[in-house]
Amino acid sequence: MRNLIVISLFLFLTSWFQAQEVPNDFLSADFHKGRRQEVRKAMPPNSVAVFFAAAVRNRANDVDYIYHQDPDFYYLTGYKEPNALLLIFSEMQKDKAGNNYDEVLYAQKRDEKAEQWNGKRFGVEGVKGQLGFERAFNAEEFLSSDIDFSKFENVLFFDFKNDFRDTNDPADIFDLIRSFKEKSNYPSDYDATKQQLYSMIKATEVENSVNVAQTLGRYLNYYQELKSDKLLVDFVEAEDDRSRIEIKEKVALQLKSNNLNSAKLEEIMNTLREVKTQEELVLLKKAVEISAVGQIEVMKAMHPNMSEMEIQGVHEFVYKKYGAEYEGYPSIVGGGNNGCILHYIENNKPKVGNDLVLMDLGAEYHGYTADVTRTIPATGKFSKEQKQIYDIVYNAQEAGIKASVVGASFQAPGQAASKVVAEGLMKLGIIGSPMEARKYFPHGTSHYLGLDVHDKGTYEAFKENTVITVEPGIYIPEGSNCDRKWWGIAVRIEDDILIAKNGPVNLSEMAPRTTVDIEAVMKQSSPLDNFNLPSLD
Ligand code: GLY
Ligand code: MN
Ligand code: MN
């Protein structure tokens, strides 16, 4: 008995001390399976949904960009490799051997040589064993499969962006898409935008068709090439309900001419991905908290001799330290006037000097990305003008966060924030009428957040367990039509807000936001105060 205890203890300790090879807090196979089930439930009868893995994209010569899975594909599979295809069927299918199945993953084939160079592949066994798929094949088996897409009433898919290319791999994404097109009789002139607009017209109630026609008219003015489509133009120009009904019938006929449907999947995935499960929220909160810690560490380390790039590096080092694999989008660090460029990513100013520094960065942790912005004075103290602008943005953000409640319109935070910005700029004499505020606050206030930084969602009234950003800003570029003392001041404050049952929860609140709190943290010492590297000049 004693021996048994000693042996068990030994085994326990050896497993304890064994290095863990990979993190173990990814989304579970059950999560992905549950999401596929939700897609299936939302699919029309007798349909198949086809999802492709993201393409590998070339950076230069024989170097590719770091591979990033398509977020929908990841959400539904957990598979992070390229050259793969997922089929979900609305009803059970039966193969020739009599096996039932309602989903199939075609995965990248294992290849010893390729894996020696580019890393391990799951292969069919891994997909079955680790991702929990009951039915999986090598991708090349899709090419030779006799799947009959014509038997389905609807073949649901996202249309292709044509940014994939053929490689030496005989079953890469290029080949999979080509094979899908052949098998599904994809017309060479298929136009997904037109299909989506047709679907919209078909779904429009007669009572609402005047509004839809007006919206469509604005759309056609923007995308002139669509004006060559007679049905779309006729619908916009129709003068009475009878003509609109006639066009709706013609549109329905056109849609019936093939079973390809590139509109429905968009709607299904927007609805599903908008509301986060508890499992997703754990990862998303972690990404946000990591990003908030990055902001705190930079506040402590900041000094006027720092470069924008160095500031970026501090944030990103913190992310890696916590195991966040990537940045969710290119990091933005803009000193002074550079902050006025909304997506400034050069980050190449050698010294931030006395500038306000706008830092918009988000860690991506196991697929989920944060999106947090803080704007701080490089000197550690806001000037009078900087503080005046900052406080308007702060108050606008407070109003926006307060409006982020279940049931409110998606526009509510933006409307609340814009009002505060306009009033504030008027009061300082920077603008003469509220209409002019848009010049200094030219972007939206909110977007969904999740696997994508600008995540999928319906943009309808807020639902419980959605996560949005609230990010007002004021940007006054050099040369603006106002007193020069405001020139070069750019402030954005961006937080990630969980819309919970009992009200908004600020997931990034750990990063100080008021001018007083920011100045207090900037007085603290940083481990980087003593991080001196040799000069290479
Ligand atoms: N970082 C991009 C955005 O704030 O939407
Ligand atoms: Mn944002
Ligand atoms: Mn941002």
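In this text the structure is predicted, and so the values were computed from the model without any measurement.

What counts, and at which threshold
Residues numbered from 1 in each chain as written. Chains lettered and ligands numbered in written order. Predicted model: local features only at pLDDT ≥ 70, side-chain atom pairs only at ≥ 80, totals over all residues. Heavy atoms only, no water. Pairing = 2+ DSSP bridges. Helix = DSSP H or I, 4+ residues; strand = E, 2+ residues; numbered from the N terminus. Axes fitted to C-alpha atoms, helices over the stretch in contact; angles between N-to-C directions. Contact = heavy atoms within 4.5 Å. Donors = N, O, S within 2.8 Å, 3.2 Å for Na, K, Ca; no water. Tetrahedral: all angles 85-135°; square planar, octahedral: opposite > 155°, others 65-115°. Buried < 20%, exposed > 50% of the residue type's maximum accessible area, 1.4 Å probe, protein only. Patch = residues over 30% accessible without salt bridge, like charges linked within 9 Å, V, L, I, M, F, W, Y side chains within 5 Å. Areas by Shrake-Rupley, 256 points an atom, 1.4 Å probe, with all protein chains shown as cover. Salt bridge = Lys/Arg side-chain N within 4 Å of Asp/Glu carboxyl O. Lys, Arg positive; Asp, Glu negative; His and termini not counted. Charge placed at Lys NZ, Arg CZ, Asp CG, Glu CD. Near = heavy atom within 4 Å. Polar contact = N/O pair within 3.5 Å; in protein donor to acceptor, adjacent residues only side chain to side chain. Nonpolar A, V, L, I, M, F, W, Y, C, P; charged D, E, K, R; others polar. Phe/Tyr/Trp six-rings, centres within 6.5 Å; stacked < 30°, edge-to-face > 60°. Lys NZ or Arg CZ within 6 Å of the ring centre and 35° of its normal. Core = buried A, V, L, I, M, F, W, Y, C linked by side-chain atoms within 4.5 Å. Expected span 1.5 Å × (residues − 1). Parallel < 35°, antiparallel > 145°, perpendicular 65-115°, else oblique. Left-handed = near helix turned anticlockwise from the far one by under 90°. Arc of directions from axis to C-beta.

A. The sheet that holds strand β19 (residues 503–506), seen in detail. As summarised here, the arrangement of the three strands in space is β15-β18-β19, forming an open sheet in which the pairing is antiparallel. Two strands lie at the open edges of the sheet, namely β15 (466–470) and β19, each paired on one side alone. The sheet shows a mean angle of 35° between the axes of neighbouring strands, direction not considered. Sheet analysis places strand β18 (residues 495–500) next to β19, joined by four bridges and oriented antiparallel. Its bridge partner lying in β19, Ile497 is registered against Asn506. Its contacts with the sheet place helix α15 (residues 384–402) against β15, β18 and β19, and it is angled at close to 160° to β15.

B. Here's a closer look at the coordination of the manganese ion (ligand 3). Looking at the manganese ion (ligand 3), one finds its protein donor set to be Asp360 (OD), Asp360 (OD), Asp371 (OD) and Glu494 (OE), positioned 2.0 to 2.3 Å from the metal centre. What the six donor atoms of the manganese ion (ligand 3) show is an angle range of 57 to 171° at the metal, which sorts the shape as irregular. Positions of the donor residues of the manganese ion (ligand 3), expressed as sequence spacing, correspond to D-x10-D-x122-E. The distance between the manganese ion (ligand 3) and the manganese ion (ligand 2) comes to 3.3 Å, and Asp371 binds to both of them. Of the two residues, Asp371 sits in the loop between β13 (368–369) and β14 (372–377) while Glu494 sits in the loop between β17 (489–492) and β18, which places them 123 residues apart along the sequence. Judged by its relative accessible area of 3%, Asp371 falls in the buried class. In this structure Glu494 comes out as buried when scored by relative accessible area, which is 0%.

C. Broad picture of a negative patch on the surface. Taken together, the side chains of Glu237, Glu239, Asp240, Glu246 and Glu249 make up a negatively charged region of the molecular surface. Relative to the helices and strands, Glu246 is located in helix α11 (residues 241–256). The partly exposed category is assigned to Glu246, whose relative accessible area is 41%.

D. Focus on the site of ligand 1. All residues in the neighbourhood of ligand 1 are listed as Tyr329, His343, Asp360, Asp371, His447, His454, Glu471 and Glu494. One of the side-chain N or O atoms of Glu471 is found 3.1 Å from an oxygen atom in ligand 1. Coverage of ligand 1 by the protein amounts to 93% of the 200 Å² it exposes when considered alone. Taken together, the residues of the shell around ligand 1 sort by class into one nonpolar, three polar and four charged.

E. Spotlight on the environment of Asn354. Within the secondary structure layout, Asn354 lies in the loop between β10 (332–335) and β11 (356–361). Discounting residues that sit within four places of it in the chain, Asn354 has contacts with Thr379 and Gln386.

F. The packing of aromatic side chains, seen in detail. By the definition in use, this model includes 26 aromatic pairs. Residue placement shows Arg36 over the ring face of Phe133; its charged tip is 3.9 Å from the ring centre.

G. Layout of the nonpolar core. Core analysis: the biggest nonpolar cluster contains 93 residues, and Phe51, Met302, Ile311, Met359, Ile430 and Ile474 have the highest contact counts within it. Considering each element in turn, this core owes the most residues, ten residues, to helix α13 (residues 278–301). Not counting chain neighbours up to four residues away, the residues in contact with Phe51 comprise Phe73, Leu76, Ala84, Leu85, Leu86, Ile88, Phe158, Leu265 and Met269.

H. Quick look at helix α14 (residues 308–321). End to end, α14 covers 20 Å across 14 residues, agreeing with the expected 20 Å (1.5 Å per residue, within 8%). Taken residue by residue, α14 has Glu308, Ile311, Gln312, Val314, His315, Glu316, Val318 and Tyr319 as its buried positions. Following α14 by one or two positions, Gly323 has its phi on the positive side, about 85°.

I. Here's a closer look at a nonpolar patch on the surface. Taken together, the side chains of Tyr219, Tyr222 and Tyr223 define a hydrophobic patch exposed on the protein surface, amounting to about 340 Å² of accessible area. Structurally, the position occupied by Tyr219 is in helix α9 (residues 209–222).

J. Spatial organisation of the packing of helix α10 (residues 230–237) against α11. Interaxial distance between α10 and α11 falls to 9 Å at its minimum, and their mutual angle equals 160°. As the angle between them shows, α10 and α11 are arranged roughly antiparallel. For the crossing formed where α10 meets α11, the hand is left-handed. Mapping the contact onto sequence places Leu231, Asp234 and Phe235 in α10 and Arg244, Ile247, Lys250, Val251 and Gln254 in α11. Here the residues of the contact of α10 with α11 are counted per class, giving four nonpolar, one polar and three charged.

K. Focus on α11. Taking 1.5 Å per residue as the helical rise, α11 with its 16 residues ought to reach 22 Å, and the 22 Å between its terminal C-alpha atoms agrees with that figure. The complete set of buried residues in α11 reads Arg244, Ile247, Lys248, Val251 and Leu255. The buried residues of α11 all sit within an arc of 110° when viewed along its axis, so they share a single face. Relative to its buried face, α11 has exposed residues pointing more than 90 degrees away, namely Arg242, Glu249, Leu253 and Lys256.

L. Examining the coordination of the manganese ion (ligand 2) more closely. Around the manganese ion (ligand 2), the protein contributes the donor atoms Asp371 (OD), His447 (NE2), Glu471 (OE) and Glu494 (OE), at 2.0 to 2.2 Å from the metal centre. Each of the six donor atoms bound to the manganese ion (ligand 2) contributes to angles spanning 51 to 157°, and the resulting shape is irregular. Between consecutive donors of the manganese ion (ligand 2), the numbers of intervening residues give the motif D-x75-H-x23-E-x22-E. The class for Glu471 is buried, based on a relative accessible area of 8%.

M. Quick look at the pattern of salt bridges. Following the criterion strictly, the structure yields 31 salt bridges and no others. The partner of Asp163 in a salt bridge is Arg57, and the shortest N-O contact between them spans 2.7 Å. Of this pair, Asp163 sits in the loop between β7 (154–157) and α7 (173–183) while Arg57 sits in the loop between β1 (47–52) and β2 (58–60), and the two are 106 residues apart along the sequence. Judged by relative accessible area, which is 38%, Asp163 ranks as partly exposed. Arg57 gets classed as partly exposed once you look at its relative accessible area, which sits at 35%. Between Lys230 and Asp234 there is a salt bridge; the shortest N-O distance is 2.8 Å. Remark: Asp234 and Lys230 occur in helix α10; sequence separation between them is four residues, near one turn of the helix. Here Lys230 falls in the exposed class, since its relative accessible area comes to 59%. The class for Asp234 is partly exposed, based on a relative accessible area of 25%.

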